[in-house]
Amino acid sequence: MQPSLHVFKEHAEPADMAEPGTDEPSSRTGSPDGEGRVSGERLLLHQRLAVRELIDTELSYLHMLRLCASDIRSSLQQLPQGDLDVLFSNIDDVIEVNSRFLHDLQETASRKEEQVHLIGEDTEAQSGDVTCQGHAAGGRARIWPQAGPSGLSFLLVIPLQRITKYPLLLQKILENTVPDASAYPVLQRAVSALQDVNTNINEYKRRKEVASKYTKVEQLTLRERLARLNTHTLSKKTTRLSQLLKQEAGLVPRTEDKEFDDLEERFHWVSLCVTEMKNNVAVYLDNLEAFLCFRPQEYDLDIPGGPVVQYCSLMRDLQLQAFPHFKQRLKGLVWQPLCSLAKALAGPQNLIKKRLDKLLDFERVEEKLLEVGSVTYEEQEARHTYQALNSLLVAELPQLNQLAMRWLGQILCTFVGLQRELAQQVLQRAEGSLAQLPHYHLSEPAFRKLVEDALGQTGHQLRSFQENFEKVLPPPTVQPLLPGAERQVQALLSRYGPEKLYQVTSGVSGAGTLDLTLPRGQIVALLQNKDTRGNSSRWLVDTGGHRGYVPAGKLELYRVIPRQEEVKEQEWPHKDSRHLTPEPTPAPVPSVPVVTQVVAVYPFVARSSHEVSLQAGQLVTVLEAQDKKGNPEWSLVEVNEQRGYVPSSFLARAASPAPWGWGLPS
């Protein structure tokens, strides 16, 4: 163990008093030689004390590092290994570097004349290792911010504190070194190198603090954003907007940074690729989910035996095993890493946006600095913030772009690999079933041609069926009348004539005092085709009991045709009577036999509890071919386990079409 600082002082002071007869007279006489010799000895004494302080504090510092590496780290083994790696990231390397440095310092003690020169060289050579040590210590200091003699951070930030002491200790040695000594320039370079190290570490910490401050992505509501507004915030945003408008108008020059612009553009394209990939994978997962919900093998296809049974067995196997396993792996190996990558890019995106705001502040401060020559402390701080942001982005954006592209490439390769493995699994599971299919012997081009021909033939059948359906079943233009409304229609017909009768095509809800509320199918008589203000979109009508306005767009001309019985009675005209009925088809519709399976020709909307709604093409069971009064124009039917009356003219016999299907030709 080297002697302590106070022991060195006790040995040094008697040496100065060993020859009082020679030193004291010289000091008393005040000769220049004597004063120079005393001053040189005093400088040498202080220099040796500073050297001893450097060695002793380095020894204590190394002892504390070994304590952290051994006792404290071993007592924290219950923590996760990842946390231990962060806390004690490079402490072993730091111990090794400082052990060599202490050994070199202690060896200089045997060479008194060259000790200071050797210390300067060793310190200058160690400055590079000290930089890495400071960066790691700064990171640990941010992890454990509760500094104090009893906290763990007190030990973890010791390397950072030690780095700040090196320039002070060397500066003290330099101040007690004669300027014309050979060690003086070496010490100057060592002090300058360590000061640069401290400056770089401070700048590195400043960049990291700025980055951690502005990379936070907060999801704020509009109310929370408004609550954060204050006079200072509004002033800054107004100043930035004014600066931006001046640049757009060409009143002030814009700061050009070609290097950053290129990096930003590349980062923008990387972010766009990640976003598009994420959206595409999300759509793919939705389609996969819909595909898994559709299970045709569970339905009765009404096709006996053969390839259908094999297909159902294969699909059941794939639906239960291959496809769910593929979906699970797709989410874990593609979707989740893609979401993590998009989340990792959100911070840099926010940082780039914040750089634009800080750039506007920086340009304004630079203009003021050129005009006035001085700026306030807050403006200087804004200037430094932009410089730190810009330096950080220029230094780290290239690495981030490369890492993101490599990450995205690995995700794409994984996605392709999963697709390939799924195809292989499906082919392996279907290998036994494929050999029993009727077209297994065909080559791939021939099978593709066969499928195209079959699909073309089926499509032609569908188009022919659609054309025939549209020709045979034209939509009705009017709604049928209720049995109780015929007397009211007869009264309107005899009073106004057939050219004045209109039918309501959809329900009307009156909004004003003179507006009518009418159900769909109501027959009215037109009184005037405009209202009192000359508006032709509101017509004045008569319902047979009330008069009022209805929208003209909900009325269409009602056609009156005679009943089939009246056509027969024209041979014996003994009564002048007419019957009103809609004209869904030009030919008369015969009555439908009782308990018959028929098809609804037109859609019908029930208007009371005695009626039942129909859909075009729906199968209907006719229970009675007339109503309770014997009127054959209404039939009692059963649809979807519901009974009610429907117009007989809306029903037709269910024809038996020629069988056709989707089967491939053998």
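Residues numbered from 1 in each chain as written. Predicted model: local features only at pLDDT ≥ 70, side-chain atom pairs only at ≥ 80, totals over all residues. Heavy atoms only, no water.

Here we take up the overall build of the protein chain. Each helix and strand counted, the protein chain has 17 helices and ten strands in total. Relative to its 666 residues, the protein chain shows a buried fraction of 34%. In the structure as shown, the protein chain presents an accessible area of about 41100 Å², 55% of it carried by carbon and sulfur atoms. (Helix = DSSP H or I, 4+ residues; strand = E, 2+ residues; numbered from the N terminus. Buried < 20%, exposed > 50% of the residue type's maximum accessible area, 1.4 Å probe, protein only. Areas by Shrake-Rupley, 256 points an atom, 1.4 Å probe, with all protein chains shown as cover.)

Sheet topology note: the strand E6 (residues 596–600)/strand E7 (residues 619–624) ladder contains four bridges and is antiparallel. Following the sheet pairing, Thr596 is matched in E7 by Val622. With three bridges connecting them, E7 and strand E8 (residues 634–639) associate as antiparallel partners. The residue bridging Thr621 from the neighbouring strand is Glu638, located in E8. (Pairing = 2+ DSSP bridges.)

Moving on, we come to the packing of aromatic side chains. Throughout the structure, instances matching the rule amount to eight aromatic pairs. Among the aromatic side chains, those forming a connected cluster through ring pairs are Tyr602, Phe604, Trp634 and Phe650. A cation over a ring is seen here: Arg355 above Phe260, with NZ or CZ 3.6 Å from the ring centre. One residue, Arg538, lies across the ring of Tyr549, its end atom 4.6 Å from the ring centre. (Phe/Tyr/Trp six-rings, centres within 6.5 Å; stacked < 30°, edge-to-face > 60°. Lys NZ or Arg CZ within 6 Å of the ring centre and 35° of its normal.)

Let us look at the environment of Leu392. Relative to the elements of secondary structure, Leu392 occurs in helix H14 (residues 377–434). With a relative accessible area of 5%, Leu392 lands in the buried category. Placed 185 residues apart in sequence, Leu392 and Arg207 show a C-alpha to C-alpha distance of 6.1 Å.

Looking now at the pattern of salt bridges. Note on pairing: side chains with opposite charge can pair once their charged atoms come close. Here the structure, examined in full by the defined rule, presents 21 salt bridges. Across the pair Arg538 and Asp515 runs a salt bridge whose closest N-O atoms are separated by 2.6 Å. Here Arg538 is found in strand E3 (residues 538–542), whereas its partner Asp515 is found in the loop between strand E1 (501–504) and strand E2 (523–528), with 23 residues between them in sequence. Residue Arg538 is classed as partly exposed on the basis of its relative accessible area, which comes to 26%. The class of Asp515 is partly exposed, set by a relative accessible area of 23%. Salt bridges sharing common partners tie together Arg240, Asp357 and Asp361. (Salt bridge = Lys/Arg side-chain N within 4 Å of Asp/Glu carboxyl O.)

The next thing to look at is the confidence of the model for the protein chain. Of the residues in the protein chain, 76% have a pLDDT of 70 or more, and the chain-wide mean is 76. Taken element by element, the predicted model of the protein chain shows its lowest mean pLDDT in helix H1 (residues 5–16) (38) and its highest in helix H12 (residues 258–293) (91). Within the model, the stretch residues 656–666 combines pLDDT values under 50 with twelve contacts to residues more than four positions away or in other chains. (pLDDT = per-residue confidence, 0-100. Contact = heavy atoms within 4.5 Å.)

Spatially, the five strands line up as an open sheet ordered E9-E8-E7-E6-E10, and their pairing is antiparallel. Looking at strand neighbours, the two that pair on one side only are strand E9 (642–647) and strand E10 (651–653), the edges of this open sheet. Here the average twist between neighbouring strands, direction ignored, is 50°. (Axes fitted to C-alpha atoms, helices over the stretch in contact; angles between N-to-C directions.)

Turning to helix H16 (residues 486–496), a few remarks are in order. Of all the positions in H16, only Glu486, Val489, Leu492, Leu493 and Tyr496 are classed as buried. In an axial view of H16, the angular spread of the buried residues amounts to 120°, which keeps them on one side of the axis. Away from its buried face, by an angle of more than 90 degrees, H16 presents the exposed residues Arg487, Ser494 and Arg495. As for H16, its buried residues are in contact with E1, E2, E3 and strand E4 (547–551). With its phi angle positive at about 90°, Gly497 sits one or two positions after the end of H16. (Arc of directions from axis to C-beta.)

Here we come to the pairing of E1. Burial along E1 is two-sided: the face carrying Leu501 and Gln503 and the face carrying Tyr502 and Val504 are both buried. Bridge count for E1 against E2 is three bridges, and the pairing is antiparallel. The partner of Tyr502 across the bridge, within E2, is Val524. In the sheet, E1 pairs with strand E5 (residues 555–557) via three bridges, with the strands oriented antiparallel. Bridge pairing in E5 links Gln503 to Glu556.

Turning our attention to a nonpolar patch on the surface. Where nonpolar side chains cluster on the molecular surface, the patch consists of Leu222, Leu226, Leu229 and Leu234 and spans about 400 Å² of accessible area. Take Leu229: it is sitting in the loop between helix H10 (222–227) and helix H11 (231–249). (Patch = residues over 30% accessible without salt bridge, like charges linked within 9 Å, V, L, I, M, F, W, Y side chains within 5 Å.)

Attention now goes to the nonpolar core. Ranked by size, the top nonpolar core spans 36 residues in total, and within it Leu330, Val334, Leu338, Leu341 and Leu397 carry the most contacts. Among the secondary structure elements, those contributing two or more residues to this core are H12, helix H13 (307–371) and H14. Here this core gets 13 residues from one element, more than from any other, and that element is H13. One finds Ala50, Leu54, Ile158 and Leu194 within the second-largest nonpolar core, a separate group that totals 35 residues. (Core = buried A, V, L, I, M, F, W, Y, C linked by side-chain atoms within 4.5 Å.)

Here the focus is the side chain of Asn176. You can see Asn176 is positioned in the loop between helix H8 (158–175) and helix H9 (183–214). Polar side-chain contacts of Asn176 include one of 2.7 Å to the backbone oxygen of Lys172. Ignoring sequence-local partners within four residues, the contact set of Asn176 consists of Leu43, His46 and Gln47. (Polar contact = N/O pair within 3.5 Å; in protein donor to acceptor, adjacent residues only side chain to side chain.)

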